[in-house]
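Read off the chains here:
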Amino acid sequence: MKLNNLKDPQQVVDYATAVKTGLGNNQGLFFPAKIPQLQNIDGLLAMPTLERNFHILKPLVHENIADDELRKIIAATYAFPSQLKTINQQTHCLELFHGPTLAFKDFGARFMANCLQHFAQQQSGQSEKITILTATSGDTGAAVAHAFHGLNNINVVILFPAGKISELQQKMFTTLSDNIRTVAIKGAFDDCQKLVKQCFDDRPLVQEVGLNSANSINVSRLFAQVCYYFDALAQLPIEQRSQAVVAVPSGNFGNLCAGIIAKTMGLPIKRFIASTNLNDTVPRYLQDGVWAPNKTVETLSNAMDVSKPNNWPRIEYLIESGQFDRELLTGLAVDESQTANTMQQLHQLGYISEPHAAVAYQGLQDSLTPDEVGVFLGTAHPAKFKSTVEDILKIELPLPPAIAACAQLPDLSKTIEPDYAALKQFLTA
Ligand SMILES: *Cc1c(COP(=O)(O)O)cnc(C)c1O
């Protein structure tokens, strides 16, 4: 299967090239022109998860990855479950936070890392240098650092705004050594992103260190996430599957895009709800057809504080090319007090959640009809947002072992000024 650059029809690449370059000419996103269709969905849903994931991913990547290699990559990626928890008769949460950094981003980051590692090994003889450069305001840094930690021939540099993220969040990626280096930038998250952009605009530097990014513009991350939508339906009673409505807490819209790919491949999801916080560019756009991003505002669900979602063009492409029916997508923006209320409602139902999942659950509350079955995605473990959850639910939340352990380790990050020359020196050292 080939991938097109959505901004440059002349650029058509294979999967390996899309993963290794990340972004195409003119900053265009790579995407399949036509999503492959899967046969015998009921048969797939009856399979063990790893076997099913193999059949889902094979048509997307087979040109570059042999079957036995793909099976190894899948075993290494999906080493923890995506678990459907029943909230009440009509509603379930797909918990995607049982990986090493307790967020759904573990799936995409690990698949990307394993694919890149495989492609680097294929290049036998000449050892190609790869440097992953990523700016993070929270969850991405941890998922990427853990996914790439210890891989040969791949260096990772993670930038974050000094003093602007919680100590625990920071410790989840600054305490690893070896091929993971972390840099605290004396500035805001925007300064980090600007520095990353400057690096990618510096062609000689890109060549010299083999620069690549690991954010959700990389199509491998989306492909990895397609699998757990199948896992969600596989865990529903058979008679409920065709009535499933999936609510996705959305920021950059990579996760929702993966769900829409799953449906386009043949998974019988009835419809989707795109739930956002106050950064509501997409819900407004779905209402009135006008793309009008506002200034980004800070919310309780901070991993979704994005007003210009960079995966939206992919969803738009699936709609415009007639592969996905826009009528099957509803947008809903949830404000701060609703988010807190919803967390309290879930708590009364016996379920401790966190702001991102609560935003998605509210989307179901608002629109589910009596014959439908709702699934909302639990994108992070509540303990990742410990103080917020404790404040809103008036409870004490123990730290899971993964977080408690790294809180004890020394922080290995370097601190530098938001200065391009300083960063470049660091990258080439
Ligand atoms: C990244 C993230 C999201 C948003 O996912 P997108 O794919 O960017 O829409 C939602 N919840 C959590 C906890 C996240 O870390």
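Calculation notes
Residues numbered from 1 in each chain as written. Predicted model: local features only at pLDDT ≥ 70, side-chain atom pairs only at ≥ 80, totals over all residues. Heavy atoms only, no water. UniProt positions renumbered as here; feature names shortened; annotations may be inferred. Buried < 20%, exposed > 50% of the residue type's maximum accessible area, 1.4 Å probe, protein only. Helix = DSSP H or I, 4+ residues; strand = E, 2+ residues; numbered from the N terminus. Pairing = 2+ DSSP bridges. Contact = heavy atoms within 4.5 Å. Phe/Tyr/Trp six-rings, centres within 6.5 Å; stacked < 30°, edge-to-face > 60°. Lys NZ or Arg CZ within 6 Å of the ring centre and 35° of its normal. Axes fitted to C-alpha atoms, helices over the stretch in contact; angles between N-to-C directions. Parallel < 35°, antiparallel > 145°, perpendicular 65-115°, else oblique. Left-handed = near helix turned anticlockwise from the far one by under 90°. Nonpolar A, V, L, I, M, F, W, Y, C, P; charged D, E, K, R; others polar. Core = buried A, V, L, I, M, F, W, Y, C linked by side-chain atoms within 4.5 Å. Near = heavy atom within 4 Å. Polar contact = N/O pair within 3.5 Å; in protein donor to acceptor, adjacent residues only side chain to side chain. Areas by Shrake-Rupley, 256 points an atom, 1.4 Å probe, with all protein chains shown as cover.

- The name an unreviewed UniProt entry assigns to the chain is Threonine synthase, from the organism Marinicella litoralis.
- Quoted verbatim from the Cofactor (unreviewed entry) field of the UniProt record, the comment on the chain reads "pyridoxal 5'-phosphate".
- Heading Pathway (unreviewed entry) of the UniProt record for the chain holds this comment: "Amino-acid biosynthesis; L-threonine biosynthesis; L-threonine from L-aspartate: step 5/5."

### Concerning the pairing of strand β5 (residues 91–95)
- Burial of β5 is extensive: 5 of the 5 residues sit out of reach of the surface.
- One ladder, built from 5 bridges, connects strand β4 (residues 83–88) with β5; its direction is antiparallel. Note on β5: the bridge partner recorded for Thr86 is His92.
- Counting the residues that bridge the hairpin from β4 to β5 gives 2 residues.
- By the bridge criterion, 5 bridges tie β5 to strand β13 (residues 373–378) in an arrangement that is parallel. By the bridge assignment, Thr91 is partnered in β13 with Gly374.

### Structural notes on the UniProt feature "modified residue: N6-(pyridoxal phosphate)lysine" (unreviewed entry) in the chain
- According to UniProt, the feature "modified residue: N6-(pyridoxal phosphate)lysine" (unreviewed entry) maps to Lys105 in the numbering used here.
- Summarising the element assignment, Lys105 is placed in helix α5 (residues 105–122).
- Apart from residues no more than four positions distant in its own chain, Lys105 is found in contact with Asp139, Thr140, Ala143 and Arg221.

### A closer look at the environment of Lys295
- Here Lys295 shows up in the loop between α12 (281–288) and α13 (312–320).
- Considering only alpha carbons, one finds Lys295 and Ser307, 12 residues apart in sequence, at a separation of 6.8 Å.
- Filtering out sequence-adjacent residues up to four positions away, Lys295 remains in contact with Asn279 and Ser307.

### Some remarks on the packing of aromatic side chains
- The full count for this structure, using the stated rule, is 15 aromatic pairs.
- The structure contains a cluster of three or more aromatic residues connected by ring pairs, namely Tyr78, Phe80, Phe107, Tyr228, Tyr229, Phe272 and Phe324.
- Here Arg71 stacks its cationic end above the ring of Phe54, 3.8 Å away from the centre of that ring.
- When the ring centre of Phe426 is taken as reference, the NZ or CZ atom of Arg181 above it lies at 4.3 Å.

### So, the packing of helix α3 (residues 49–61) against helix α4 (residues 67–77)
- The geometry of α3 relative to α4 is characterised by a closest axis approach of 10 Å and an angle of 125° between their N-to-C directions. Considered as vectors, α3 and α4 are oriented oblique to each other. Our pair here, α3 against α4, has a crossing hand that is right-handed. Residues Leu50, Glu51, Asn53, Phe54, Leu57, Lys58 and Val61 of α3 lie in contact with α4, whose contacting residues are Asp67, Leu70, Arg71, Ile74 and Ala75.
- Counted by class, the contact of α3 with α4 contains 7 nonpolar, 1 polar and 4 charged residues.

### Quick look at the environment of Asp190
- For Asp190, the location among the structural elements is in helix α8 (residues 189–201).
- By relative accessible area, Asp190 is classed as exposed at 56%.
- Asp190 sits 54 residues away from Thr136 along the chain, and the two C-alpha atoms are 9.9 Å apart.

### Quick notes on the nonpolar core
- Ranked by internal contacts, the top residues of the largest apolar core, which has 101 residues, are Tyr15, Ile132, Phe148, Phe223, Tyr229, Phe230 and Phe272.
- The greatest single-element share of this core, amounting to 12 residues, is contributed by helix α10 (residues 219–234).
- Other than its neighbours up to four places away in sequence, Phe272 contacts Tyr229, Val246, Val248, Leu256, Gly259, Ile260, Lys263, Phe324, Leu328, Leu329 and Thr330.

### Re the site of the ligand
- Taken together, 15 residues surround the ligand, and among them Lys105, Asp139, Gly251, Asn252 and Phe253 come closest.
- Measuring from an oxygen atom of the ligand, one finds a side-chain N or O atom of Lys105 at 2.5 Å.
- Asn252 has a polar backbone atom sitting 2.8 Å from an oxygen atom of the ligand.
- For the ligand, whose free accessible area comes to 390 Å², the fraction covered by protein is 96%.
- For the shell around the ligand, the residue count by class is 6 nonpolar, 7 polar and 2 charged.

### Notes on unusual backbone geometry
- Even without being glycine, Gln27 reaches a positive phi, approximately 60°.
- Unusually for a residue other than glycine, Phe253 sits at a positive phi of about 70°.
- With respect to the secondary-structure elements, Phe253 resides in the loop between β10 (244–249) and α11 (254–265).

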